[in-house]
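Okay, here's what each chain looks like letter by letter:
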Amino acid sequence: MKILSAKWVITCDEDFSIIKDGAIVFTDKILDIDTLENIQIKYPNKEIIQSKDNTVLMPGLINSHVHLEFSANSTTLKYGNFMAWLNSVISNRDTLIEKATPKLISTKLDRMKKTGTTTIGAISSYSFDMQACINSPINTVFFCEVIGSKADMADTLFADFKNRLESAKKNSSKNFMPAVAIHSAYSVHPFLVRESLALAKEQNLPVSTHFLESPEEFEWLHKDEGLFTEFFRNFLGQSKAVTKPMEFLNQFSNVKNLSFTHCVEASDNDLEKIKLLGASINHCVTSNRVLNNTKLDLKRLNGIDFTIGTDGLSSNNSLSMFDELRNALMMHTDENIIEFSKTLLKAATINGSKAMGLNKGKLQKDADADIISITLADEVVDKDDLAMQIILHTKSVEKTIIGGEFV
Ligand code: BEZ
Ligand code: FE2
């Protein structure tokens with residue numbers, strides 16, 4: 001049993017409660033959380049690990065959507081337009097994947113840990129990132145991805161997906177959890193969607209999918225028109241989308257832990273359906289910005305929870321959640337900076353946890369002990385400013401605790 005105290009403890013519960021001069025008692029789970037004074041009374045004679053001045057304890061950050069297999073990209077891919085980006089991904093994919101060795105991915109995971117991430121939703125296309133995730137202390141929900149819109153390839157692609165999922169399942173542990181990703185409505189044949197979802201439901205695995213990321217995707221899925229037309233004709237010999245957005249969404253009923261990434265072009269009906277499905281939206285604001293896609297209109301979510309994802313280095317210059325949170329804070333200029341900072345910290349903790357069916361993202365009795373400590377340069381006078389000051393000033397964390405261990 002360990003006890004850690006600090007000037008501030010942010011619980012990330014529904015009310016965003018903050019304890020001044022607080023302490024946390026934990027093993028691999030949180031046993032107790034209270035003011036330091038009360039903890040000293042309840043646990044006399046126990047050693048208490050004190051933090052530096054102006055330190056904040058909060059739940060470890062949850063990056064709900066990242067593609068580690070694209071970690072070798074920095075300046076290669078084309079940004080500024082979704083089609084130009086997609087074409088550049090297809091032409092550079094093999095070289096980038098080859099450069100993303102387990103060693104490189106491990107370095108990136110280590111950096112993510114130092115910048116406060118304790119859990120990731122890793123979208124894996126090939127399982128080339130699996131060993132690095134297993135070796136890392138970071139908790140990984142490992143989303144084995146299915147992709148392929150051509151009917152004649154569906155059986156082969158499904159067999160490959162099942163093999164990757166089986167191998168992920170063999171490695172499953174307390175901090176490595178297999179899951180299912182369906183690439184998108186435009187790139188996955190309905191047969192593959194149906195079969196992979198049947199598997200996910202049967203085995204109660206979390207599911208995630210990209211959905212309506214670009215105007216081009218909207219035009220293609222709704223009207224079989226726009227810039228996707230040329231892409232599908234040239235690469236896949238197709239003149240029509242394999243599904244309509246609502247038909248696609250309808251297939252996801254009864255998935256317990258479900259998330260849709262981007263959704264920036266989703267209609268009100270789509271959002272209503274996503275809400276009915278009890279799903280979350282993975283918000284990747286930097287990725288949307290660099291590809292010149294639309295910014296997610298948070299005012300339209302109408303009670304749908306959103307989470308924070310960096311997406312991969314294929315569409316971001318950083319995998320740090322604090323960089324991502326700063327970008328979100330700066331991009332959503334219509335939100336009040338003080339209140340929105342609290343919303344963002346909840347999105348990056350408890351909402352990510354709920355989206356993936358975890359018992360994390362909150363400092364609460366019986367939750368997993370995934371905790372970060374952040375030391376601010378000076379005193380925060382008004383407790384109400386704490387979330388904002390943390391987002392504005394944190395580059396790296398002081399301590400990272402995952403499953404009760406200092407890592
Ligand atoms: C496919 O494999 O069918 C596909 C991949 C990427 C984009 C679109 C389609
Ligand atoms: Fe993505």
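Residues numbered from 1 in each chain as written. Chains lettered and ligands numbered in written order. Predicted model: local features only at pLDDT ≥ 70, side-chain atom pairs only at ≥ 80, totals over all residues. Heavy atoms only, no water.

Visitor: What's the story with the packing of aromatic side chains in this structure? I'm lost.
Guide: To describe a pair of aromatic rings, you give the distance between the ring centres and the angle between the ring planes. Counting across every chain of the model gives 17 aromatic pairs. Plain terms: the ring middles of phenylalanine 211 and phenylalanine 248 are 6.0 Å apart, the flat faces sit at 10 degrees to each other, and that makes the pair stacked. Of this pair, phenylalanine 211 sits in strand β9 (residues 207-211) while phenylalanine 248 is found in helix α9 (residues 245-250), placing the two residues 37 residues apart along the sequence. Linked through ring pairs, Phe82, Trp85, Tyr186, Trp220, Phe228, Phe231, Phe232 and Phe235 together constitute an aromatic cluster. (Phe/Tyr/Trp six-rings, centres within 6.5 Å; stacked < 30°, edge-to-face > 60°. Helix = DSSP H or I, 4+ residues; strand = E, 2+ residues; numbered from the N terminus.)

Visitor: Quick question: what am I supposed to make of empty space enclosed by the protein here?
Guide: Rolled over the atoms, a probe with the dimensions of a water molecule shows which regions are left empty. Tallying each qualifying case throughout the model produces one cavity of 30 Å³ or more. The space that makes up the largest cavity amounts to roughly 40 Å³. Residue lining of the largest cavity: His65, Ile123, Glu145, Ala181, Ile182, His183, Ser208, Thr209, His210 and Thr261, and that is the complete set. Sorting the residues of the lining of the largest cavity by element identifies β8 (176-182) and β9 as the ones contributing at least two each. Of all the elements, β9 adds the most residues to the lining of the largest cavity, at three residues. Split by residue class, the lining of the largest cavity holds three nonpolar, six polar and one charged. (1 Å grid on protein atoms, 1.4 Å probe; cavity = no way out; pocket = protein on both sides within 12 Å on 5 of 7 lines; lining within 4 Å. Points joined across faces, edges and corners; volume = space filled by probe spheres on them. Nonpolar A, V, L, I, M, F, W, Y, C, P; charged D, E, K, R; others polar.)

Visitor: Explain the site of ligand 1 here, please?
Guide: All residues in the neighbourhood of ligand 1 are listed as Ile147, Gly148, Ser149, Tyr186, Ser187, Phe231, Phe232 and Leu236. Taking serine 149, its side chain carries an N or O atom lying 2.6 Å from an oxygen atom of ligand 1. Protein chains shield 83% of the accessible area of ligand 1, which is 260 Å² for the free molecule. When atom positions are compared with the pocket grids, ligand 1 is found to occupy the largest pocket. The residue makeup of the shell around ligand 1, split by class, is five nonpolar, three polar and no charged. (Near = heavy atom within 4 Å. Polar contact = N/O pair within 3.5 Å; in protein donor to acceptor, adjacent residues only side chain to side chain. Areas by Shrake-Rupley, 256 points an atom, 1.4 Å probe, with all protein chains shown as cover. Sits in = over half its atoms within 2 Å of the grid points.)

Visitor: How should the layout of surface pockets be read in this particular structure?
Guide: Considered as a void within the structure, the largest pocket measures approximately 910 Å³ in volume. With six residues, the top contributor of residues to the lining of the largest pocket is helix α2 (residues 82-99). Looking at the lining of the largest pocket, its residues break down into 17 nonpolar, twelve polar and seven charged. Roughly 260 Å³ of volume is contained in the second largest pocket. Taken together, 15 residues form the lining of the second largest pocket, with Ile304, Asp305, Phe306, Thr343 and Asn351 sitting closest to its centre. For the lining of the second largest pocket, the leading source of residues is helix α13 (residues 337-355), giving six residues. Partitioning the lining of the second largest pocket into residue classes produces six nonpolar, four polar and five charged.

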